[in-house]
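Analysis of the macromolecular model
Read off the chains here:
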Amino acid sequence: IAGALNAAGDQAMEKQKEITRASSGKSDFKQNMTLANEFIKLEETLFTGYDSMEEETEILGIYTLNGEKISNINIVNMGQELILITRKTPFYGESGGQIGDVGEVFIDDKLVGKVIDAKKSTDGRIYHIVKFISELDLNKIIVLKLSKARREAIMRNHSATHLLHRALNDVLGK
């Protein structure tokens, strides 16, 4: 039984690694040198998500997935997936196998965009993948609100995975 459980555990772990590799490669903009060069010019985003699920912040930059800087959000680029970089964020950026947060972007209590993913670049900068649904003044203060229910579910699942891994190691050995 222990051998079968260990084999099943190995298969499940390999499947999870495949999913993680596939999801991290679903866009190749992470490797895009143009975008990397733009990131370096910006200050690092301060992560506030351990203390808050919502953050008032400034926009540092908005880019296409190819790394082109966007100077304004208008009818032409609404609905496109764009990269939003802010001074502060409560959003956890996908890394280490844990998925990123999702949520919404507001200006003056008006919904202007949906954060469909948050990621962490190789140098540790957090950025948001956003579909904007409204025009937007890049000089205004925005409010980022993450999905509290999803964050809490991710935290529970993440903790349960660690507990299960420890229990399997205790019972089956490494």
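The present account deals with the structure reproduced in this document. (Residues numbered from 1 in each chain as written. Predicted model: local features only at pLDDT ≥ 70, side-chain atom pairs only at ≥ 80, totals over all residues. Heavy atoms only, no water.)

Within strand β9 (residues 142–146), four of the five residues are buried, which leaves the element mostly enclosed by the surrounding structure. Sheet analysis places strand β2 (residues 54–57) next to β9, joined by four bridges and oriented antiparallel. When the bridges of β9 are listed, Glu55 appears paired with Leu144. By the bridge criterion, four bridges tie strand β6 (residues 103–107) to β9 in an arrangement that is antiparallel. Residue pairing for β9: Glu104 is matched across the bridge by Lys145. (Buried < 20%, exposed > 50% of the residue type's maximum accessible area, 1.4 Å probe, protein only. Helix = DSSP H or I, 4+ residues; strand = E, 2+ residues; numbered from the N terminus. Pairing = 2+ DSSP bridges.)

The full count for this structure, using the stated rule, is seven salt bridges. A salt bridge links Lys119 to Asp117, with the nearest nitrogen and oxygen atoms 3.3 Å apart. The network of salt bridges with shared partners includes Glu43, Glu58 and Arg87. (Salt bridge = Lys/Arg side-chain N within 4 Å of Asp/Glu carboxyl O.)

This part takes up unusual backbone geometry. For Asp108, which is not a glycine, the phi torsion comes out positive at approximately 50°. Unusually for a residue other than glycine, Asp109 sits at a positive phi of about 65°.

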